[in-house]
Amino acid sequence: MTTHSSSSKSAKDFHPSKILKPIRRYPKHAIGVGAIALLLLVGLPIVRTQLAGSNASTAEASEPAELAVETLRVQAVNSYDTTRTYTGEITALRSSDLGFERSGQLESVLVQEGDRVDIGTPLAQLDTSNLQTQLQQLEADKAQALAVLAELEAGPRAEDIAAAEAVVRQIEQDLALQRTQRSRREYLYEQGAISLEELDEFTYGQGSLQAQLDQARSNLEELQNGTRQEQILAQRAVVQQIDAAIADVDVNIQKSTLRSPFAGIVASREVDEGTVVGAGQSVIRFVEDATPEARIGMPTTIASQLQIGDRQTVQLDTSSFTATVTAVLPEVDPETRTQVVLFQLDRTAVSNINPGQTVRAEIAETVPTDGIWLPTSALNQDIRGLWSAYVLVPTEEEDRYEVQLQSVEILHQESARALVRGTIQSGDRIVANGAHRLVPGQQVRPVQSF
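The following refers to the structure shown.

The rules behind the values
- Residues numbered from 1 in each chain as written.
- Predicted model: local features only at pLDDT ≥ 70, side-chain atom pairs only at ≥ 80, totals over all residues.
- Heavy atoms only, no water.
- Helix = DSSP H or I, 4+ residues; strand = E, 2+ residues; numbered from the N terminus.
- Buried < 20%, exposed > 50% of the residue type's maximum accessible area, 1.4 Å probe, protein only.
- Contact = heavy atoms within 4.5 Å.
- Pairing = 2+ DSSP bridges.
- Axes fitted to C-alpha atoms, helices over the stretch in contact; angles between N-to-C directions.
- Parallel < 35°, antiparallel > 145°, perpendicular 65-115°, else oblique.
- Left-handed = near helix turned anticlockwise from the far one by under 90°.
- Nonpolar A, V, L, I, M, F, W, Y, C, P; charged D, E, K, R; others polar.
- Salt bridge = Lys/Arg side-chain N within 4 Å of Asp/Glu carboxyl O.
- Phe/Tyr/Trp six-rings, centres within 6.5 Å; stacked < 30°, edge-to-face > 60°.

A few points about the overall build of the chain
For the chain, the count of helices and strands is eight helices and 21 strands. Counting all 450 residues of the chain, 29% fall into the buried class. Long-range contacts, defined as pairs at least 24 residues apart, comprise 74% of the intrachain contacts of the chain with a sequence gap of at least 6.

Focus on the sheet that holds strand E5 (residues 116-117)
Hydrogen bonds between backbone atoms are what pair the strands of a sheet, whose relative direction is either parallel or antiparallel. Pairing is antiparallel across the open sheet formed by four strands, whose spatial order is E3-E10-E8-E5. The open sheet terminates on both sides in strands that have one partner only, identified here as strand E3 (95-98) and E5.

Here we look at the pairing of strand E11 (residues 293-299)
By the bridge criterion, four bridges tie strand E2 (residues 76-91) to E11 in an arrangement that is antiparallel. For Thr91, the partnering residue across the bridge sits in E11 and is Glu293. In terms of strand pairing, E11 meets strand E14 (residues 338-345) through seven bridges, oriented antiparallel. The partner of Glu293 across the bridge, within E14, is Gln344.

Notes on unusual backbone geometry
If a residue is not glycine, its phi is most likely negative; likewise, a peptide bond is most likely trans. With a phi close to 60°, Asp317 is a non-glycine residue in the positive phi region. Examined against the element boundaries, Asp317 turns out to sit in the loop between strand E12 (311-316) and strand E13 (319-332). Even without glycine at this site, Arg337 takes up a positive phi of about 55°. Mapping Arg337 onto the fold places it in the loop between E13 and E14. The exposed category is assigned to Arg337, whose relative accessible area is 54%.

With respect to the packing of helix H4 (residues 129-154) against helix H7 (residues 229-255)
Remark: H4 packs on H7, axes separated minimally by 9 Å, with the N-to-C direction vectors making an angle of 165°. Here H4 lies roughly antiparallel to H7, going by the angle between them. As H4 runs across H7, the sense of the crossing is left-handed. Residue composition of the contact of H4 with H7, grouped by class: 16 nonpolar, five polar and seven charged.

Things to note about the pattern of salt bridges
Applying the stated criterion across every chain yields a total of eleven salt bridges. A salt bridge links Asp243 to Lys142, with the nearest nitrogen and oxygen atoms 2.8 Å apart. A residue pair is termed long-range when its members are at least 10 positions apart, and Asp243 in helix H7 and Lys142 in helix H4 qualify at 101 residues. Overall, Lys142 belongs to the partly exposed group, its relative accessible area being 26%. One salt bridge in this structure joins Glu409 and Arg421, with 3.4 Å as the shortest N-O distance. One end of the pair, Glu409, is in strand E18 (residues 401-413); the other, Arg421, is in strand E19 (residues 417-422), and twelve residues separate them in sequence. Taking relative accessible area as the criterion, Glu409 reaches 35% and is therefore assigned partly exposed. Among the ionic contacts, a cluster of salt bridges with common partners joins Glu66, Glu397 and Arg400.

A few points about the packing of aromatic side chains
Taken as a whole and judged by the stated rule, the model has two aromatic pairs. Note on Tyr80 and Trp373: the rings are 6.3 Å apart at their centroids and 85° apart in plane angle, and the pair reads as edge-to-face. On the criterion of sequence distance, the pair formed by Tyr80 in strand E2 and Trp373 in strand E15 (residues 358-375) is long-range, its members being 293 residues apart. According to the relative accessible area criterion, Tyr80 is buried, its value standing at 7%.

Right under this line is the structure:
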């Protein structure tokens, strides 16, 4: 601590005048100081010269070096061709929830989910034992009615006519006998031999026989005249009525078998065997399997260019199929502003696709717009979402160029080129490759144009 305080005190007492006094006192020290001053006078110009040379070398190194670059002379265009992809889905032409028209117990389901069947193929069967019994009863009734009809159409037999004639003769004889006996009874009544009651009994018997005779003669006349046409027609109507009842049972039996209304695919089984189903209850979900359609939404400008019958290629996963335009629906979706275009696929695609599958169509179109094609290697990403490219500008020196940065906007991009618009003009010469190595104002030497 004492030593430190002493040093601090001597520092405070230091003054340049205290140095001059020893010099005057000791002349030999003045010679040393003069030598140092002379060295400083000679050395400073040398240092300045070295520093100036160093600064000149630095300035020379900071100047941009001339680079060899590949260039391209651009031309303006007013449109470009492109292929755009639109997405839709495969839809079945028809789909149905199949059920029976009558109620009954489900006896069997003849198909499994995913089965592809032709039109008219049996799919399920109801129990028909009660209908078979009704059918047998009606067939027996029909046989009986037909026998009666045949008899009526054939007319009465000779034996029946002869028997009817015999009945008439028998009644006539009985009536003649009754009349004779009545005459005798009247005489006896007049003689007082019998009572009036006994005479009335004979009179009533005669009237009864007369009625029987009239009936017998009518039956005989009917047999002799043959069967009336009205009877034949009435019996025929009975037969027709039975036929209608048989047909109704046959229809119910046929309706007890559920058949495919068109060629299609069994999407699902709704019920199993043994279930009592009601009329109209869904038993099988069925979708069409023939000539599927693709429904693809497109902008109205594209849809209006398609014509009925145009053929396009559609993509299903990794497979391609040919499709035909069948319709352009007039309605425009208010949300997507698109129209639905219907494509019908070739029959060969049926076994490879399913309803609801995603389908894509590539449509070639010409887009009218002004721009300039640039290779993507000529573009640098700029600020605010813009891009830039370097344009060659001639300098005052002959065959010497420098680059200027021009901002552009990308309108459309393909694999190795982009359509842009901006400050680049048609006929400008741009740096086609290696733009990332350049800075604005750098001198370049074009070595190749393409």
